[in-house]
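Examination of the molecular architecture
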Amino acid sequence: MNGAEIERLIQLLGRLPGLGPRSARRVALHLLKKREVLMQPLSAALADAARAIKPCSTCGNLDTVDPCAICADPRRDTTLLCIVEDVGDLWAMERGKIFAGRYHVLGGTLSALDGIGPEELNIAGLVRRVKDGGVREIIVATNATVDGQTTAHYLAERLAECAVPITRLAHGVPVGGELDWLDDGTLATALKARRAL
Ligand SMILES: [Zn+2]
């Protein structure tokens, strides 16, 4: 019915988070109708991003430079280290402009169900960073989900030997809450009211 190119486009769009097959068809059609004002600029932006953006070898943030702009910023407090699950959570913290330390992106959470163990996450890099010294407080900002909590406790055990105080975001955050969905005020409160883990 449709050409192979259209089918391929729909299939790829359908793999994006939040897009089912039906939405993927709508998006594909919309793009094809707005070829010059949307589809071509989007295609160029995707190609540029795929070429230029890479993970920061220090913290795991995504940027065009390595170390990333946050790691390289001399105005940021190097003694505070905030651990987040994903780059999206780092973005949420940065959107709120509530934190001026540095980050460490784990790249997910421990999950027995999905077979994700410590080796699959950027935990060895974290331990190395903390052991290198200079960190005065580690703030664990994993989500208030079961996997997020499990990961927080694992990190507390793993980092205990480094003898750096570890805190956890106070979750005025609803249970099951993900950082990215919090309004900036709630996230700021959760950070201020962080407690020992
Ligand atoms: Zn970085």
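Attention in this report is confined to the structure presented alongside it. Every value quoted in this text rests on a predicted model; they were computed, and no experiment measured them.

On a plain count of helices and strands, the protein comes out with 8 helices and 7 strands. The principal-axis extents of the C-alpha atoms in the protein amount to approximately 65 × 35 × 35 Å. Relative to its 197 residues, the protein shows a buried fraction of 39%. Long-range contacts, defined as pairs at least 24 residues apart, comprise 57% of the intrachain contacts of the protein with a sequence gap of at least 6.

Our next topic: the coordination of the zinc ion. Octahedral metals with six donors have ideal donor angles of 90 or 180 degrees. Tetrahedral metals with four donors have an ideal donor angle of 109.5 degrees. Distances from the zinc ion to its protein donors, Cys56 (SG), Cys59 (SG), Cys68 (SG) and Cys71 (SG), fall at 2.3 to 2.4 Å. Classification of the site at the zinc ion as tetrahedral follows from its 4 donor atoms and the range of 104 to 116 degrees in their angles at the metal. Coordination of the zinc ion draws on donor residues from a single chain, spaced C-x2-C-x8-C-x2-C in sequence. Side by side, Cys56 and Cys59 carry an identical accessibility label, which is buried.

Strands sit in the order 4-3-5-6-7 across an open sheet of 5 strands; the sheet is mixed. The two strands at the open ends of the sheet, each matched to only one other strand, are strand 4 (102-105) and strand 7 (195-196). Two strands pair when backbone bridges link them, and strand 5 (residues 137-140) and strand 6 (residues 166-168) are joined in this way by 3 bridges, in the parallel orientation. Bridging across to strand 6, Ile138 finds its partner in Ile166. Strand contacts of helix 7 (residues 146-159): strand 3 (80-84), strand 5 and strand 6, with the helix running at about 170 degrees to strand 6, the strand carrying the most contacts.

Attention shifts here to the packing of helix 2 (residues 21-33) against helix 3 (residues 35-52). Geometry of a packed helix pair, given as the angle between the helix axes and the separation of the axes. Direction vectors running N to C along helix 2 and helix 3 enclose 115 degrees, while the axes themselves pass 6 Å from each other. Judged on the interaxial angle alone, helix 3 and helix 2 are roughly perpendicular. Note on element contacts: helix 3 touches helix 2 through Arg35, Leu38, Met39 and Leu42, opposite His30, Leu31, Leu32 and Lys33. Residue composition of the contact of helix 2 with helix 3, grouped by class: 5 nonpolar, 1 polar and 2 charged.

Okay, the nonpolar core next. Nonpolar side chains in soluble globular proteins tend to end up buried together. Val84, Met93, Phe99, Tyr103 and Leu169 are the most contacted members of the largest nonpolar core, which has 23 residues in total. Every element with two or more residues in this core is listed here: helix 4 (69-72), strand 3, helix 5 (87-95), strand 4 and helix 8 (184-192). When residues of this core are assigned to their parent elements, the largest contribution, 4 residues, is made by helix 5. With residues up to four places along the chain from it excluded, the contact list for Met93 reads Cys82, Ile98, Phe99, Tyr103, Leu179, Leu187 and Leu191. Among the nonpolar cores identified, the runner-up in size contains 18 residues, and Leu81, Ile123, Leu155 and Ile166 belong to it.

Before going further, it helps to spend a moment on the environment of Ala193. Inspection of the secondary structure puts Ala193 in the loop between helix 8 and strand 7. Judged by relative accessible area, which is 41%, Ala193 ranks as partly exposed.

Okay, the pairing of strand 4 next. Walk down a regular strand and you will see the side chains alternate between the two sheet faces. Here strand 4 shows a buried face lined by Arg102 and His104 and a second buried face lined by Tyr103 and Val105. Bridge analysis of strand 3 against strand 4 gives 4 bridges, and the strand direction is parallel. Within strand 4, the residue paired with Ile83 across the bridge is His104. Handedness of the crossover joining strand 3 and strand 4 through helix 5 is recorded here as right-handed.

Our focus in this paragraph is the packing of helix 1 (residues 4-13) against helix 2. Where helix 1 meets helix 2, the axes come as close as 8 Å, and the angle between the chain directions of the two elements is 125 degrees. When the axis of helix 1 is compared with that of helix 2, the two are oblique. Along this stretch, helix 1 crosses helix 2, giving a crossing that reads as right-handed. Of the residues in helix 2, those in contact with Ile6, Leu9, Ile10 and Leu13 of helix 1 are Pro21, Ala24, Arg25, Val27, Ala28, Leu31 and Leu32. Looking at the contact of helix 1 with helix 2 residue by residue, the classes come out as 10 nonpolar, no polar and 1 charged.

About the cut-offs
- Residues numbered from 1 in each chain as written.
- Predicted model: local features only at pLDDT ≥ 70, side-chain atom pairs only at ≥ 80, totals over all residues.
- Heavy atoms only, no water.
- Helix = DSSP H or I, 4+ residues; strand = E, 2+ residues; numbered from the N terminus.
- Buried < 20%, exposed > 50% of the residue type's maximum accessible area, 1.4 Å probe, protein only.
- Contact = heavy atoms within 4.5 Å.
- Donors = N, O, S within 2.8 Å, 3.2 Å for Na, K, Ca; no water.
- Tetrahedral: all angles 85-135°; square planar, octahedral: opposite > 155°, others 65-115°.
- Pairing = 2+ DSSP bridges.
- Axes fitted to C-alpha atoms, helices over the stretch in contact; angles between N-to-C directions.
- Parallel < 35°, antiparallel > 145°, perpendicular 65-115°, else oblique.
- Nonpolar A, V, L, I, M, F, W, Y, C, P; charged D, E, K, R; others polar.
- Core = buried A, V, L, I, M, F, W, Y, C linked by side-chain atoms within 4.5 Å.
- Right-handed = clockwise from strand over helix to strand, strands pointing away.
- Left-handed = near helix turned anticlockwise from the far one by under 90°.

That is the geometry; function is a separate question.
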